[in-house]
Amino acid sequence: MTVHVVGAGPGAADLLTLRAVGLLGVADVVLYPGTYLDEAVLSHCRSGARLVDTARLDLDAILAVMTEAHARGEDVVRLVSGDPSLYSALHEQAARLDAAGVPWEVVPGVPAYAAAAALVGRELTVPLVAQSVVLTRTRARSSAMPEGETWEAFAATGATLVLHLAITRLREHLDRLLPTHGAGCPVVVVHRASQPGELVLRGTVGGPACVADAVEAAGLRQAAVVLVGRALGEFVDAAGESWLYAAHRPRGAPH
């Protein structure tokens, strides 16, 4: 039997892939991050499946559930929030599964930042404004960041920033972006995108419209994605248009 590491998307039951839904429908054991997912996601599980909330389990306890289920010949789905390629501890889990001789595969999901951008109707790569997206996080109660991966270094590129695990100290973090982005740079905070109780807060990096004021007033402490950059503005000055769709571009020409 196989352990399927499945991206559960941003948490909505209807934003899973068809493959993910199919696997949930036949799995004997389903591990899920209850802190981040709408319980409706579990409606795709078959009746009688064993459901294990991993919110209070450490990695060794999670691996014990998976390896013991495998030993019993049971199929396992390990749901992770968003997409397994981002902040899912896939590296550690895969190494342990390999060491235990347990086969595994990865099924992609909709990342939280994509759901957040969709909710606010914004493209994160606007021509002549921002053509790159930086996905990063803060360090609080988490592993150290590699040397050189600082917000200041990323901010200097002008790319749209997607900040994870930043919500509890957002004002402090945004202050670090003032020299490169300026107080008026747009910021969007999306809490639980696609789930019941989703919340969108708009504001700026600093100044009287600083989004940190709204975040603190709302009491947000987790499950939020922060998007920062000029591409998020209602009207983007100096925005260009994509060459791919330009009327004067010869059809069939290289991009």
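Residues numbered from 1 in each chain as written. Predicted model: local features only at pLDDT ≥ 70, side-chain atom pairs only at ≥ 80, totals over all residues. Heavy atoms only, no water.

1. Observations regarding the layout of surface pockets
Applied cut-off: Residues are called lining when one of their atoms sits within 4 Å of a cavity or pocket point, these points coming from a 1 Å grid over the protein atoms alone, where a cavity is a set in which a 1.4 Å probe fits but cannot get out and a pocket is an open set with protein on both sides within 12 Å along at least five of seven lines. Grid points are joined across faces, edges and corners, and a volume is the space filled by probe spheres set on the points. Only DSSP runs of H or I with at least four residues qualify as helices, and only runs of E with at least two residues qualify as strands; both kinds are numbered from the N terminus onward. Throughout this entry, Asp, Glu, Lys and Arg are counted as charged residues, while Ala, Val, Leu, Ile, Met, Phe, Trp, Tyr, Cys and Pro are counted as nonpolar. The remaining residues, Gly among them, count as polar.
Its boundaries defined by the atoms lining it, the largest pocket holds a volume of some 1,700 Å³. Along the wall of the largest pocket there are 46 residues; nearest its centre are Tyr36, Ser81, Tyr87, His164 and Leu165. Within the residue set of the lining of the largest pocket, elements represented by two or more residues are helix H2 (59-71), strand E4 (76-80), helix H3 (90-99), helix H4 (112-120) and strand E10 (224-228). Per-element tally for the lining of the largest pocket: the top contributor is E4, with three residues. When grouped by side-chain class, the residues that make up the lining of the largest pocket number 24 nonpolar, 14 polar and eight charged. In this structure, the second largest pocket encloses a volume near 150 Å³. Taken together, Val129, Ala155, Gly158, Ala159, Thr180, His181, Cys185, Pro186, Gly229 and Arg230 form the lining of the second largest pocket.

2. Some details on the confidence of the model for the protein
Threshold: The pLDDT value expresses, per residue, how confident the predictor is, ranging between 0 and 100.
The predicted model of the protein averages 90 in pLDDT, with 91% of residues at 70 or higher. Taken element by element, the protein is modelled with least confidence in helix H5 (residues 151-155), mean pLDDT 87, and with most confidence in strand E5 (residues 104-107), mean pLDDT 98.

3. Some points on the pattern of salt bridges
To be explicit about the condition: Each reported salt bridge corresponds to a side-chain nitrogen of Lys or Arg within 4 Å of a carboxyl oxygen of Asp or Glu. Burial classes follow relative accessibility: with a 1.4 Å probe on protein chains only, a residue under 20% of its type's maximum area counts as buried, one over 50% as exposed, and anything between as partly exposed.
Counted by the stated rule, this structure contains seven salt bridges. We note a salt bridge from Glu74 to Arg72, for which the minimum N-O separation is 3.0 Å. On the basis of relative accessible area, Glu74 is assigned to the partly exposed category, the value being 21%. Between Arg169 and Glu172 there is a salt bridge, with the nearest N and O atoms lying 2.5 Å from each other. Residue classification places Arg169 among the partly exposed residues on the basis of a relative accessible area of 35%. Residue Glu172 is classed as partly exposed on the basis of its relative accessible area of 40%.

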